[in-house]
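Examination of the molecular architecture
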Amino acid sequence: QVQLVQSRVDTKNPGASVKVSCRASGYTFTNYGITWVRQAPGQGLEWMGWISAQTGHTNYAQKVRGRITITTDTSTSTAYMELRSLRSDDTATYYCARGYRSSSYYWGQGTLVIVSS
Amino acid sequence: IVMTQSPATLSVSPGERVILSCRASQSVSVNLAWYQQKPGQAPRLLIYEVSTRATGVPDRFSGSGSGTEFTLTISALQPEDFAVYFCQQYDKWLTFGGGSRVDI
C-alpha cells in the first residue's frame, strides 16, 4: 500500500534552517511528483511547492521562494523540503503529498515545525 | 488564483443536506478538488476534476460546477462528516480556499 512517512517534530530557533523528509513506499517513486503543503495552527492549507520525481523539476510558491528547496533522493524514494531563515510565522505542520500539478490522494502524516527562541 | 469558500462555518444536524461553495478568481477549467480534514489529521481527498469521487468516498458526497463556481454537496450529513472542507485548484500552481467548517 502507498505510504508517505515524514520525519518527526522539529524545533528551531529563528534564523535557522529545517529539512523535513518524506519517505515513500508502495509505488514507483519516479512515476509521481511530491507536493509540499503547510498548515499554521488553526489555519488553512498553503501550497509551498512541488517536484517531479522523474525530472527533478520544481516550482515554488512566491511567498517562500528564495528560502525553500525541494529535492528528491530516488535511491531511497525520499523527498526533502528545506526551509531557511526561519521565522515565527513558519511554525506549522508541514505535509508532503503525492502529486505534481494535480490533486493528491496520498498524504504524509505531517511534521510539526516549531520556530521559537 | 484566489479561492474563496462560503460559508466559513455551517451549523447543521445529522441527516441534513449541506451545500458548500467555492469561487475561483479566474477560470480553473476542471482542475478543482475538495478535501475533508478532521482535527489532527492530514486532508483527505474527496473529489477531483470537479465531480469525480476519490476511491472509497461515499456517494453522499458530490461535486459540481465549472469555470469559477463550484459546489460540494453532502446529501445527508452523517456524524463522521463534521469536519473542515477545503477546495483546491491545480490549474495554475496550487491554491486552497480558506475552508468551510461543518459543525453540529
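These notes cover the structure that comes with them. Just so it is clear, the model here is predicted, and its values are computed rather than measured. (Residues numbered from 1 in each chain as written. Chains lettered and ligands numbered in written order. Predicted model: local features only at pLDDT ≥ 70, side-chain atom pairs only at ≥ 80, totals over all residues. Heavy atoms only, no water.)

Turning next to the sheet that holds strand β1 (residues 3-6) of chain A. Residue and element names in this part refer to chain A. Taken together, four strands build an open sheet; the order of strands is β1-β3-β8-β7 and the sheet is antiparallel. The open sheet has two edge strands, β1 and β7 (68-73), and neither has a second partner. Along the sheet, successive strands turn relative to each other by an average axial angle of 20 degrees, direction set aside. Two elements, β1 and strand β3 (residues 18-25), share four bridges in a ladder whose sense is antiparallel. From the neighbouring strand, Q3 faces β3, where its bridge partner is S25. (Pairing = 2+ DSSP bridges. Helix = DSSP H or I, 4+ residues; strand = E, 2+ residues; numbered from the N terminus. Axes fitted to C-alpha atoms, helices over the stretch in contact; angles between N-to-C directions.)

Attention now moves to unusual backbone geometry. Residues and elements named next belong to chain B. Each neighbour pair has its own omega, and for S6 with P7 the value is -10 degrees, a cis peptide bond. Relative to the elements of secondary structure, P7 occurs in the loop between β1 (3-6) and β2 (9-11). We note that E49 has phi near 50 degrees; this positive angle belongs to a residue other than glycine. Positionally, E49 belongs in the loop between β5 (44-48) and β6 (52-53).

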